Each structure stands twice: as structure tokens, then as C-alpha cells.
Amino acid sequence: MSTGESRLDDTVIRPSEATAGDFFALMKPRVMALAVFTAFVGLMVAPSGMNPAIAVIAIGAIAIGAGAAGALNMWYDADIDALMSRTSRRPVPSGRVTPGEALGFGLVLSGLSVMTLGVLVGWLAASLLAFTIFFYVVIYTMWLKRSTPQNIVIGGAAGALPPMIGWAAATGAIGIESLILFLIIFLWTPPHFWALALFKVGDYAAAGIPMMPNVAGPASTRRQILAYALLLAPVGVLPWLFGFASGYYGIASAALGAAFIWHAWKLLAAPEEELKPAKTLFAYSIFYLFVIFAALLADTIVTRTLISAGV
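Okay, so let's go over this structure. (Residues numbered from 1 in each chain as written. Predicted model: local features only at pLDDT ≥ 70, side-chain atom pairs only at ≥ 80, totals over all residues. Heavy atoms only, no water.)

## Description of helix α10 (residues 176-199)
- Compared with the 34 Å implied by 1.5 Å per residue over 24 residues, the 36 Å span of α10 between its first and last C-alpha is a close match.
- The largest bend along α10 reaches roughly 30 degrees and is located at T189, with the proline P190 sitting one to four residues downstream.
- The buried fraction of α10 is high, at 18 of 24 residues. (Helix = DSSP H or I, 4+ residues; strand = E, 2+ residues; numbered from the N terminus. Expected span 1.5 Å × (residues − 1). Bend = angle between axes of the 7 residues up to and from the residue. Buried < 20%, exposed > 50% of the residue type's maximum accessible area, 1.4 Å probe, protein only.)

## Let's talk about helix α13 (residues 218-235)
- Over its 18 residues, α13 runs 26 Å from end to end, which matches the ideal 26 Å to within 8%, given 1.5 Å per residue.
- Every buried residue of α13 is listed here: S220, T221, R222, I225, L226, Y228, A229, L232, A233 and V235.

## Let's talk about the packing of helix α8 (residues 151-160) against α10
- Relative to each other, α8 and α10 sit at 130 degrees, their axes nearing to 8 Å. Considering their axes alone, α8 and α10 lie oblique with respect to each other. Handedness of the crossing formed by α8 with α10: right-handed. Contact residues: α8 offers I152, V153, I154, G156, A157, G159 and A160, while α10 offers F182, I185, F186, T189, P190, F193 and W194.
- Tallied by class, residues from the contact of α8 with α10 come to 11 nonpolar, 3 polar and no charged. (Axes fitted to C-alpha atoms, helices over the stretch in contact; angles between N-to-C directions. Parallel < 35°, antiparallel > 145°, perpendicular 65-115°, else oblique. Left-handed = near helix turned anticlockwise from the far one by under 90°. Contact = heavy atoms within 4.5 Å. Nonpolar A, V, L, I, M, F, W, Y, C, P; charged D, E, K, R; others polar.)

## Some details on the pattern of salt bridges
- In total, this model carries 5 salt bridges according to the counting rule given.
- Measuring nitrogen to oxygen at the nearest pair gives 2.7 Å for the salt bridge that ties R96 to D22. Note that R96 is positioned in the loop between α5 (78-81) and α6 (99-120) and D22 in helix α2 (residues 20-26), a separation of 74 residues in sequence.
- A relative accessible area of 8% means that D22 is categorised as buried. (Salt bridge = Lys/Arg side-chain N within 4 Å of Asp/Glu carboxyl O.)

Structure below.
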């Protein structure tokens, strides 16, 4: 029986056992929170003022769109999620949500988020949100994830788009500043997920997903992680170099980037069987992305406050 037939059979004959919490879990709340936060920073850093009510609607629509992409990802990936310890308890493979429910939920949220953003905020931002959902679900989930070890490199574009959506919602345009924010997340994604893959290599092998450690080996993956860290560190400083962040942000981002390189170097130098450096880098990568965007947000707020006060 094919995967598609299995999904159809489950949808037809098995009654729903889903709760509101299960549907919330379908939206990948941790991933959604990261998308919302970076979109909010993109919106706040943008030079154009925005009505607070419209800004709340924009962030809400982006959150719903991110959740929709997560639900559709869980619908399609239920077969491989069931094979991995990290994902086997997700709502669809565990049987709490039927595949049909997950698909319908994701499609409804997708349409709702895009139309809300388009009608109430702006169609450029809505178009970027629609493209993000499409790219994550169709290009990454359905195609790249199961076909190439470069899956997370190319697919990382979907996770890097939220700050551009926030910027477009505020300005109605795409500026070099939002492209820089996109590039920070785009270059951050491979070392973040490859660090995870290094200590979850068995899960990915069991599911047949060609993650870089499974295909190129741990040694090559560690070298590539360091290469991306060396690219990411200077890109993180670009907001200061392009004049939309102060020197304080520049110092903070340079320090964060240097620490990222140091963790990547420690990972490369460690024995191949030692997994702790990969776990440390994975944890630091989450810290890095949150703090660098938080620093940019704080820098923007402080700078504007001082300007408005005539300091």
C-alpha cells in the first residue's frame, strides 16, 4: 500500500481523537515563535512608522502562516516522523490527529493568513508569506528533504524570509536591510541543523533522509559547519556596516560571531565519536540567532528613543 493510500484510509475510517493542544502542536510552536520573532524585528527595524493595530495584525498573520506551514509539513512527513525518536510523538504519527485533519487545518490556515495579510496590511508582504509557505512545504518538505544532502541549505530560505515579510509589511518594499536579515538566517541554518544531525544521525538514517552527516560523513560535515560559521560571523555585523545599527550592535554581533566560530572550531577538533561539542554548538546556535536579533531590536529602540529625545 502506498503512503498516499495509507493517508486516505486513515482519514476515512479512523475517528478523530484530536484536542486543541494537538492542533497547536501541529503548528510547530517553537519554530513558529522563531519566525514571529524575526518577522517582528524586521517590522520594527524598518524605517517607516506603522499603526500599532496593523502591526499586530501583520504579526498575527505571519504567525498563522508559519503555523500553517508547520501543519502541512507534519501532514506530509508523518511517515518519516514515525521512524525518528525526536518526532515519533508528533500528533499525526502518534495517531492523535488524522492526516486529513492535518492537511485541512494547514490549508485553511494558509489561506486565512495570506488573505488577512494581503487585505489588511499589504499584498507584497502577503505574496512573500504565500511564497514562504509554498517553499517550505513543496520545495523543501516534498522535494529537497528526501532527495539531497543540500536540503537544509536550499530549504533554509523559507526560514530566512520572515524578517523580509515584516519589513515589507511596514514599508511596502524590500530593502537591502531586509536582505541582510535574510542572509543572516540563511547562513545560520546549515550549521544549526547539521549540528543537530551529528548527534541524531541514527534517526535520519532510519528515516532515509540524506542529511549531510549520513551522506558526506561527520568529518566533512564538521568542516562545512566551520565554513558556514566563517561566513556567518561577518554577515552578522553588516547591519552596523550598512548604517541601520549602531557601533554597540556591531561590537555585540562581532563577539557573537567570534564565539560561533570558536564553537565550530572546537567541534572540528574534537574526536569524531564525541557528540558533546555538536550538542553545545546546536544550543549556542539557538542562543546566537535569538541574541543577535534581540540586540538589533534593542539597538533600534534605544537609538530612536535618543533621537526623539533630542540626545
